[in-house]
Amino acid sequence: KAGVTQTPRYLIKTRGQQVTLSCSPISGHRSVSWYQQTPGQGLQFLFEYFSETQRNKGNFPGRFSGRQFSNSRSEMNVSTLELGDSALYLCASSSGEGAKEKLFFGSGTQLSVL
Amino acid sequence: AQSVTQLGSHVSVSEGALVLLRCNYSSSVPPYLFWYVQYPNQGLQLLLKYTTGATLVKGINGFEAEFKKSETSFHLTKPSAHMSDAAEYFCAVSPLGGANSKLTFGKGITLSVRP
């Protein structure tokens, strides 16, 4: 069974630009969640999508948005990039049907904002 | 509200020595507790989790952790460190009955293993 796939692996953008990151969950998983990882703030929850609907949301500004498609693939968009958005963005998938379930993480997209 | 505290950012042990990584949590409701490991340039992998039941939890790669409610702790241990254990370790919490996707993570501890 293929794992969680995130593309691209690396991205370099400049301030003010926007960026879209992609996440393909494990086959059969309906929940995709996104995390931002930085050296200063650590791992922070962005949002979760389940069956094409945002089910949970973290404390990030509206510049961070996402969506989920009918095949459960998810995209995350960041508009008007700031230097502080440089981070490793991780997505995780699960069946989304139980609080005890294991999350499976992808290898992440490393975003550098210049 | 929940929070996780991992004391220290770096732990160094000799190969074969005991590994002890500390985690304390704060939660307004009984939590689910997790330990994840991250190897360089990779995502996170679940080592073990506590939900309910037995407070001593065994995970993969010989790791185990004990949930101590009175101490609000969930320390990770391994009797004998191996070189391959060198990685970053994260403790995380989610509220009982809450979304398993919305984890609150600690800052992480980097484990180094000396030959």
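Since the structure is predicted, the reported quantities are computational estimates derived from the model, not experimental observations.

Asks: Hey, could you go over the pairing of strand β11 (residues 109–113) of chain A for me, with residue numbers and the actual values?
Replies: Residue and element names in this part refer to chain A. The alternating pattern of β11 places T109, L111 and V113 on a buried face and Q110 and S112 on a face that is not buried. Both strand β2 (residues 10–13) and β11 contribute to a ladder of 4 bridges, which runs parallel. From the neighbouring strand, I12 faces β11, where its bridge partner is S112. Relative to β11, strand β9 (residues 87–94) runs antiparallel, the two being bridged by 3 bridges. Within β11, the position partnered with L88 by the bridge is Q110.

Asks: Summarise the layout of surface pockets; cite the residues concerned and give the values.
Replies: Estimated volume of the largest pocket: approximately 300 Å³. If you trace the largest pocket, you find 16 residues lining it, with Q44, F45 and N59 of chain A together with L103 and T104 of chain B closest to the centre. When its residues are assigned to classes, the lining of the largest pocket shows 6 nonpolar, 7 polar and 3 charged. The volume enclosed by the second largest pocket comes to roughly 190 Å³.

Asks: Could you give me a rundown of the state of the cysteines, with the residues and numbers involved?
Replies: All names here are of chain A. What the rule picks out here adds up to 2 disulfides over all chains. Here C23 pairs with C91 through a disulfide, and the sulfurs are 1.8 Å apart. Given an S-S torsion of about 65°, the disulfide between C23 and C91 has right-handed geometry. Here C23 is found in strand β3 (residues 19–24), whereas its partner C91 is found in strand β9, with 68 residues between them in sequence.

Asks: Please provide a residue-by-residue account of unusual backbone geometry, values included.
Replies: With an omega dihedral of -10°, the bond running from T7 of chain A to P8 of chain A counts as a cis peptide bond. By the element assignment, P8 of chain A lies in the loop between β1 (5–7) and β2. For N61 of chain B, which is not glycine, the phi dihedral falls at a positive 60°. Within the secondary structure, N61 of chain B is located in the loop between β7 (56–58) and β8 (64–68). Judged by relative accessible area, N61 of chain B falls into the partly exposed class, the value being 44%. Its identity as a non-glycine residue notwithstanding, T72 of chain B has a phi of 45°, on the positive side. Within the secondary structure layout, T72 of chain B lies in the loop between β8 and β9 (73–78). Take T72 of chain B: its relative accessible area is 32%, and that puts it in the partly exposed class.

Criteria and cut-off values
Residues numbered from 1 in each chain as written. Chains lettered and ligands numbered in written order. Predicted model: local features only at pLDDT ≥ 70, side-chain atom pairs only at ≥ 80, totals over all residues. Heavy atoms only, no water. Buried < 20%, exposed > 50% of the residue type's maximum accessible area, 1.4 Å probe, protein only. Helix = DSSP H or I, 4+ residues; strand = E, 2+ residues; numbered from the N terminus. Pairing = 2+ DSSP bridges. 1 Å grid on protein atoms, 1.4 Å probe; cavity = no way out; pocket = protein on both sides within 12 Å on 5 of 7 lines; lining within 4 Å. Points joined across faces, edges and corners; volume = space filled by probe spheres on them. Nonpolar A, V, L, I, M, F, W, Y, C, P; charged D, E, K, R; others polar. Disulfide = S-S within 2.5 Å.

By themselves, these observations are geometric and do not establish any function.
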